[in-house]
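A closer look at the structure
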Amino acid sequence: YEAVGVAWGDRAAPARQARENFRFFGAPHLAIVSTDASLGAYGAVDCGAYVSSFMLAAQSMGVASIAQAALAAYSPFWHRHLSMGADRKVVCGISFGIEDEAHPANAFRTARAQVHEAVTWVA
């Protein structure tokens, strides 16, 4: 919290940060990722692979990006705005552009679990 200029106990700050999803975190570009609804979970998995590849490719070219699952909650809006057929399911969005390195949120880093803490190996 302190890394992004928010004091613990500040209840308004998380709501403000959540609203940034709908400003696309200030990014100038947005991709809406969708799948054929008939593919179900398989389509969502394929989209996850696409999102990961998109973000890695963008990073390799100096473009920052952020995946935004929150945008899928407003699927009816995207369907209307983008004239998407009912056969499409919105999975997420990806906001992308040149990173504002001075923004405090871009210095925030989370801890990562060790592989042995997150994976169970079965032989």
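As shown above, the structure is provided for reference.
Residues numbered from 1 in each chain as written. Predicted model: local features only at pLDDT ≥ 70, side-chain atom pairs only at ≥ 80, totals over all residues. Heavy atoms only, no water.

1. Quick look at the nonpolar core
One finds Ala31, Val33, Cys47, Val51, Cys92 and Ile94 forming the largest nonpolar core, which totals six residues. In this view, Ile94 contacts His29, Leu30, Ala31, Val33, Val51, Phe54, Met55, Ser65, Ile66, Ala67 and Gln68; residues no more than four positions away in its chain are not counted. (Core = buried A, V, L, I, M, F, W, Y, C linked by side-chain atoms within 4.5 Å. Buried < 20%, exposed > 50% of the residue type's maximum accessible area, 1.4 Å probe, protein only. Contact = heavy atoms within 4.5 Å.)

2. Quick notes on the pairing of strand 3 (residues 88–97)
In terms of strand pairing, strand 1 (residues 29–36) meets strand 3 through eight bridges, oriented antiparallel. Bridging from a neighbouring strand, Asp36 pairs with Arg88 of strand 3. When strand 2 (residues 64–68) meets strand 3, the two strands line up antiparallel, connected through five bridges. If you follow Ala67 over to strand 3, its bridge partner there is Ile94. (Pairing = 2+ DSSP bridges. Helix = DSSP H or I, 4+ residues; strand = E, 2+ residues; numbered from the N terminus.)

3. What about a nonpolar patch on the surface?
A contiguous nonpolar patch, built from Phe22, Tyr74 and Phe77 and spanning about 310 Å² of accessible area, is present on the exposed surface. With a relative accessible area of 47%, Tyr74 lands in the partly exposed category. (Patch = residues over 30% accessible without salt bridge, like charges linked within 9 Å, V, L, I, M, F, W, Y side chains within 5 Å. Areas by Shrake-Rupley, 256 points an atom, 1.4 Å probe, with all protein chains shown as cover. Salt bridge = Lys/Arg side-chain N within 4 Å of Asp/Glu carboxyl O.)

4. Examining the side chain of Asn21
Tracing the sequence through the fold places Asn21 in the loop between helix 1 (12–19) and strand 1. Since its relative accessible area comes to 15%, Asn21 is described here as buried. When sequence neighbours within four positions are dropped, the list of residues in contact with Asn21 reads Gln68, Ala70 and Leu71.

5. Description of unusual backbone geometry
Positive phi, normally seen in glycine, also occurs at Phe24, with a value near 60 degrees. Along the polypeptide, Phe24 turns up in the loop between helix 1 and strand 1. Taking the relative accessible area as the measure of exposure, Phe24 reaches 23% and is therefore partly exposed. A positive phi is found at Ser83, a non-glycine position, where the angle reads about 50 degrees. Within the element layout of this structure, Ser83 appears in the loop between helix 3 (75–81) and strand 3.

6. Examining the sheet that holds strand 3
The three strands lie next to each other as 1-3-2, forming an open sheet whose pairing is antiparallel. Each edge of the sheet is formed by a strand with only one pairing partner; in this case those strands are strand 1 and strand 2. Within this sheet the neighbouring strands show an average axis-to-axis angle of 25 degrees, counted without direction. Its contacts with the sheet put helix 2 (residues 40–60) on strand 1, strand 2 and strand 3, and the angle it makes with strand 1 is roughly 155 degrees. (Axes fitted to C-alpha atoms, helices over the stretch in contact; angles between N-to-C directions.)

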